[in-house]
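The primary structure of each chain is shown beneath.
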Protein chains: 2
Amino acid sequence: MAVTIKDVARVAGVSASTVTRALTMPELVHPETRERVRRTAVTLGYHPNRAARGLITGRTGNIGLLVPDLGNPFFPSVVKGVQARAHEADYAVFLADTDEDATAEAGLVRRLSKQVDGIVLCSPRMPDEELRTLVADTPVVLVNRRIAKVPSVTPEFPDAMRQAVSHLTALGHRRIAYVAGPRSAWANRERLRSLRALTKDIELIEIGNVMPMFEGGVAAADQVLAADVTAVIGYNDLVALGLLNRFMARGVAVPGDISVLGFDDIALAAMVHPSLTTVALPKEQAGRAGVDLLLQLLTEPDRSTAARRELPAQLMVRGSTGPTPA
Amino acid sequence: MAVTIKDVARVAGVSASTVTRALTMPELVHPETRERVRRTAVTLGYHPNRAARGLITGRTGNIGLLVPDLGNPFFPSVVKGVQARAHEADYAVFLADTDEDATAEAGLVRRLSKQVDGIVLCSPRMPDEELRTLVADTPVVLVNRRIAKVPSVTPEFPDAMRQAVSHLTALGHRRIAYVAGPRSAWANRERLRSLRALTKDIELIEIGNVMPMFEGGVAAADQVLAADVTAVIGYNDLVALGLLNRFMARGVAVPGDISVLGFDDIALAAMVHPSLTTVALPKEQAGRAGVDLLLQLLTEPDRSTAARRELPAQLMVRGSTGPTPA
DNA sequence: TTGAAAGCGGTACCAC
DNA sequence: GTGGTACCGCTTTCAA
């Protein structure tokens, strides 16, 4: 069996209460006793059972994290950020991957909610109403999604899209395709919204929706070519890479015949050839910010206004975009 | 507050004990009562607090998972497998990313051990002795590492390497470089061991060690070229992709001037151009198997012999390998 | 078949 | 400054 507070108490010759105090409110106990208790705790290898503690304090020291698909490198990056920040604050992380299944999300949240102090929902796919009922029961922070009254971390999408489109128009492109991601993804809706707001400069062809994966891009590539555009923006980097791949297979030169632009800036984007021009979205940073907001929410639960963090995006110009073909 | 067993008991007009029984040992309670309890549990939205339950049963329903770096796509795949299998068995998963820091591993394990029934250690970097002391306290299953008396899931490395080398020798290569990964990685030691056992057919040039990342490959590329080999095996796909990248930058044709072969078969390997020949190692499958072994270990802790699962590997021949240059 | 009581490992509160 | 006691939410005897 593991060593419990009683073991420490017995060995140190004090009561359990004193052990607790010595360890968590040191100033309340006589320096001499405190030291003795602490030393025995160390020698015995005592670590308080957080589950038991949580039972009475109402604080578990754990946070939950839901992501749609670890197969998309975007999410592991966010997870890394969450992990890092959580550990700094001495929190442990429950992770759940929903496999892009919107209906599974709520169940997982409820399953987790008892064991965590709060949950970071990254790019949740569930509908707004469902999200809202969930938020009533559990402290939640959203990453990559925004909804009234819920703390959230999001990229500056309008600006991100402006950077992307400005880049393309500066290169002479006027007729541009957008390969849309999942309808249920808030990020997709936002990208589309930002994009549509920019149609005074460009003619926009919408294609999709596709799954936010390499295969989705491959699947959309031929439609893009048929649409007679000179540039295409993929929902994310994976989609853009799928486009790139299929274009190459069909002998279409990038950026000679068509320019390709992605979103996210996953590590992969810089590794391929031609390398992928993309808008870098905050990932680890978003994860860290999500945890920050959650901790803040736990500390002061009744702020009137939900914290909202918008993180900047940065266009990374690489090899997959170039001037309009003559 | 969340709904507790007492709420259910009160509303259903029974005692807490009966609620427990109705829910976990249904055959012990009168069908009528049972139904009533169950219905009220559902209407109230009652879910037992697993932490509280764990306190008394000694079972938390959670498992821990440690990985060295989520930035390497190999690990998210393993995580997905662990997740999937764990959820099937109604377990939740604590995840920790150690950032390739071997010294952090033990601490994380201990931090987690109280809250989980067992831990899956994926590619742990810590030394054998440390691992052994850890195993004494907590049920542990190893993925991608083997050590006496501890259940483990590993790829069939000797065979994996045999496939790789056979492929290269069939193409005429005789002088082959291996870019080694972290010394602390068991996988690296095994690959090296398997490789050295094959030197009757080939001349082996060892280069490295490098971090198991894209940058590691980039960094090793020039040494590889200086070594005057016709083929190079990277520690893993990321390293191989780094090699590919640097070769391209230096105008070295792949596979025209040199063949490149990786390990893992991360999704990325098929997306680049030239696509990467690699030995596909079990990833999600390994994760699932790891959980299976752990559950088995929890059920029958005192088997005399530790379960050991070896999963087959498969060479994926793609564009980055070709015949020896004439 | 059911309920009461004890206890899992801690912490909070109240005496002393 | 320290100890005793109750209690967090749940399961498990033990009796009835």
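Scoring rules and cut-offs
Per chain, residues are indexed from 1 in the order of the written sequence. By the order in which they are written, chains take letters starting at A while ligands take numbers starting at 1. Per-residue local features are limited, in this predicted model, to residues with pLDDT of at least 70; the limit for side-chain atom pairs, both in listing and counting, is 80 or more; totals at the level of whole chains, interfaces and linings are taken over all residues. Where side-chain values are given, they derive from all heavy atoms of the structure, hydrogens and water being excluded. Here a residue is near a molecule or strand as soon as one of its heavy atoms is found within 4 Å of it. Within 3.5 Å is the distance limit for a polar contact, defined as a pair of N or O atoms, with the added protein rule that one can donate a hydrogen and the other accept it, and that residues adjacent in sequence qualify only through two side-chain atoms. Think of it this way: any DSSP run of H or I at least four residues long counts as a helix, any run of E at least two long counts as a strand, and we number them from the N terminus. For this classification, Asp, Glu, Lys and Arg are treated as charged, while Ala, Val, Leu, Ile, Met, Phe, Trp, Tyr, Cys and Pro are nonpolar and the rest, including Gly, are polar. Working rule for contacts: check all heavy atoms of both residues, and any pair within 4.5 Å makes them a contact. The term buried area denotes the loss of accessible surface (1.4 Å probe radius) that occurs when two parts are joined, taken as the sum for both partners. Put simply, a salt bridge is a Lys or Arg side-chain nitrogen that is within 4 Å of an Asp or Glu carboxyl oxygen. The rule is simple: take the accessible area with a 1.4 Å probe, protein chains only, and divide by the maximum for that residue type; under 20% is buried, over 50% is exposed, in between is partly exposed. Each Phe, Tyr or Trp ring (for Trp, its six-membered ring) is paired with any other whose centre lies within 6.5 Å, and the angle between the two planes then decides the class: stacked below 30 degrees, edge-to-face above 60, tilted in between. By the criterion adopted, a ring carries a charge over it if an Arg CZ or a Lys NZ lies within 6 Å of its centre and within 35 degrees of its normal. To obtain an axis, a line is fitted to C-alpha atoms, over the contacting stretch when the element is a helix, and the angle between two such axes runs from 0 to 180 degrees between their N-to-C directions. The labels follow the angle: roughly parallel below 35 degrees, roughly antiparallel above 145, roughly perpendicular from 65 to 115, and oblique for the rest. Crossings are sorted by hand: turned counterclockwise from the far helix by less than a right angle, the near helix makes the crossing left-handed, and turned clockwise it makes it right-handed. Patches draw on residues past 30% relative accessible area with no salt bridge. Two like charges within 9 Å are joined, as are two nonpolar side chains (Val, Leu, Ile, Met, Phe, Trp, Tyr) within 5 Å. The accessible surface values rely on the Shrake-Rupley method and a 1.4 Å probe; as for residues, cover is taken only from the protein chains in view. Side-chain atoms within 4.5 Å link the members of a nonpolar core, which is a set of buried Ala, Val, Leu, Ile, Met, Phe, Trp, Tyr and Cys residues. Here the copies were fitted onto each other by least squares, based on C-alpha atoms from residues at pLDDT of at least 70 in both.

- Per an unreviewed UniProt entry, chain A goes by LacI family DNA-binding transcriptional regulator and derives from Paractinoplanes globisporus.

1. Some points on the protein's contact with DNA strand D
Piece 1. Neighbouring DNA strand D are 27 residues, the closest being Thr18(A), Arg21(A), Thr33(A), Ile5(B) and Arg53(B).
Piece 2. Looking at DNA strand D alone, sugar and phosphate atoms form 60% of those within 4 Å of the protein.
Piece 3. In this structure, a base oxygen belonging to DNA strand D sits 2.5 Å away from a side-chain N or O atom of Arg21(A).
Piece 4. Contact between DNA strand D and Ala52(B): a base nitrogen at 3.2 Å from a main-chain N or O atom of the residue.
Piece 5. Sorting the residues of the surface near DNA strand D by element identifies α2 (16-24) and α4 (50-57) of chain A together with α1 (5-12), α2 (16-24) and α4 (50-57) of chain B as the ones contributing at least two each.
Piece 6. Residues belonging to the surface near DNA strand D are distributed by class as follows: 12 nonpolar, 11 polar and four charged.

2. A short note on the interface of chain A and chain B
Bring the parts together and some accessible area is lost; that lost area is often taken as the interface size.
Piece 1. Counting residues at the interface gives 41 residues for chain A, matched by 42 residues for chain B.
Piece 2. Where chain A abuts chain B, roughly 3,600 Å² becomes buried across the two surfaces, and 63% of that area is made up of carbon and sulfur atoms.
Piece 3. Looking only at chain A, the three residues that lose the most surface to chain B are Arg111(A), Lys114(A) and Met271(A), adding up to 19% of its buried area.
Piece 4. The interface formed by chain A and chain B includes eight salt bridges.
Piece 5. A salt bridge links Asp90(B) to Arg111(A); its shortest N-O distance comes to 3.5 Å.
Piece 6. Secondary structure elements with two or more residues in the side of chain A that touches chain B: α4, α5 (74-88), β2 (92-97), α6 (102-113) and α11 (237-249) of chain A.

3. Observations regarding the protein's contact with DNA strand C
Piece 1. Close contacts around DNA strand C come from 27 residues, with Ile5(A), Arg53(A), Thr18(B), Arg21(B) and Thr33(B) the closest.
Piece 2. Ser17(B) places a polar side-chain atom, nitrogen or oxygen, 3.0 Å from a base nitrogen of DNA strand C.
Piece 3. At 2.4 Å, a side-chain N or O of Thr18(B) approaches a phosphate oxygen of DNA strand C.
Piece 4. Elements with a contribution of two residues or more to the surface near DNA strand C: α1 (5-12), α2 and α4 of chain A together with α2 and α4 of chain B.
Piece 5. Broken down by element, the residue count for the surface near DNA strand C peaks at five residues, all from α4(A).

4. Some words on the pattern of salt bridges
Piece 1. A complete count under the given rule lists 44 salt bridges over all chains for this structure.
Piece 2. Here Asp99(B) ties to Lys80(A) by a salt bridge, and the two come within 2.9 Å at their closest N and O atoms. Of the two residues, Asp99(B) is situated in the loop between β2 (92-97) and α6 (102-113) and Lys80(A) in helix α5; the pairing between them involves two chains.
Piece 3. Residue Lys80(A) is classed as buried on the basis of its relative accessible area, which comes to 10%.
Piece 4. For Asp222(B), the salt bridge goes to Arg250(B), with nearest N and O atoms at 2.6 Å. You can see Asp222(B) sitting in helix α10 (residues 214-226) and its partner Arg250(B) sitting in the loop between α11 (237-249) and β9 (259-264), a full 28 residues away along the chain.
Piece 5. Judged by relative accessible area, which is 45%, Arg250(B) ranks as partly exposed.

5. Some details on the side chain of Asp265(A)
Residue and element names in this part refer to chain A.
Piece 1. Examined against the element boundaries, Asp265 turns out to sit in the loop between β9 (259-264) and β10 (277-280).
Piece 2. A polar contact of 3.1 Å, which involves the side chain of Asp265, links it to the side chain of Arg318.
Piece 3. Once you skip the residues sitting within four places of it in the chain, Asp265 turns out to touch Asp237, Thr278, Val279, Ala280, Lys283, Met316 and Arg318.

6. Let's talk about the packing of aromatic side chains
Piece 1. Tallying each qualifying case throughout the model produces five aromatic pairs over all chains.
Piece 2. Centre to centre, the rings of Phe157(B) and Trp186(B) are 5.8 Å apart; their planes meet at 50°, and the pair counts as tilted. With a gap of 29 residues between them, Phe157(B) in helix α8 (residues 157-170) and Trp186(B) in helix α9 (residues 186-196) connect regions that are remote in the sequence. Across this residue pair, the class does not change: Phe157(B) and Trp186(B) are buried.
Piece 3. The ring of Tyr235(A) has Arg191(A) lying over it, and the distance from NZ or CZ to the ring centre is 4.5 Å.

7. Thoughts on the packing of α5(A) against helix α12 (residues 284-299) of chain A
Residue and element names in this part refer to chain A.
Piece 1. Following both chains from N to C, one finds α5 and α12 inclined at 40°, their axes separated by 6 Å at the closest point. In terms of axis orientation, α5 runs oblique to α12. Our pair here, α5 against α12, has a crossing hand that is right-handed. Each of Ser77, Val78, Lys80, Gly81, Val82, Ala84, Arg85, Ala86 and Glu88 in α5 lies in contact with α12, whose residues at this interface are Glu284, Gly287, Arg288, Val291, Asp292 and Leu295.
Piece 2. Taken together, the residues of the contact of α5 with α12 break down into six nonpolar, three polar and six charged.

8. Here's the deal with unusual backbone geometry
Piece 1. Here Gly208(A) and Asn209(A) are connected by a cis peptide whose omega angle stands at 15°.
Piece 2. Among the secondary structure elements, Asn209(A) is positioned in the loop between β7 (203-207) and α10 (214-226).
Piece 3. If you check the backbone angles, Asp99(B) has positive phi at about 55° while not being a glycine.

9. A few points about a nonpolar patch on the surface
Piece 1. Side chains of Leu55(A), Ile56(A), Leu55(B) and Ile56(B) sit close together on the surface and give an oily, nonpolar patch of about 460 Å² of accessible area.
Piece 2. Where the nonpolar patch is concerned, the elements lending two or more residues are α4 of chain A together with α4 of chain B.
Piece 3. By the secondary structure assignment, Leu55(A) is in helix α4.
Piece 4. A relative accessible area of 43% places Leu55(A) in the partly exposed class.

10. What about the nonpolar core?
Piece 1. Counting 164 residues, the largest nonpolar core has Val224(A), Ile233(A), Leu243(A), Phe247(A), Val224(B), Ile233(B) and Phe247(B) as its most contacted members.
Piece 2. Residue contacts for Phe247(A): discarding those within four places in its chain leaves Ala221(A), Val224(A), Leu225(A), Val232(A), Val252(A), Val254(A), Ile258(A) and Val260(A).
Piece 3. With 36 residues, the next largest nonpolar core counts Phe94(B), Ala96(B), Leu142(B) and Ile147(B) among its residues.

11. Regarding the side chain of Asn188(B)
Piece 1. Within the element layout of this structure, Asn188(B) appears in helix α9.
Piece 2. From its side chain, Asn188(B) meets the backbone nitrogen of Gly181(B) in a polar contact 2.9 Å long.

12. Focus: the relation of the copies chain A and chain B
Piece 1. Each copy superposes on the other: chain A lies on chain B with an RMSD of 0.1 Å after a rotation of 180° and an axial shift of 0.0 Å. Overall, the copies show the geometry of a two-fold rotation axis. By C-alpha distance to the rotation axis, the residue of chain A lying nearest is Phe94(A), at 2.2 Å.
Piece 2. In this assembly, 98% of the residues forming the interface of chain A have copies in chain B that are likewise at the interface, indicating an isologous arrangement.

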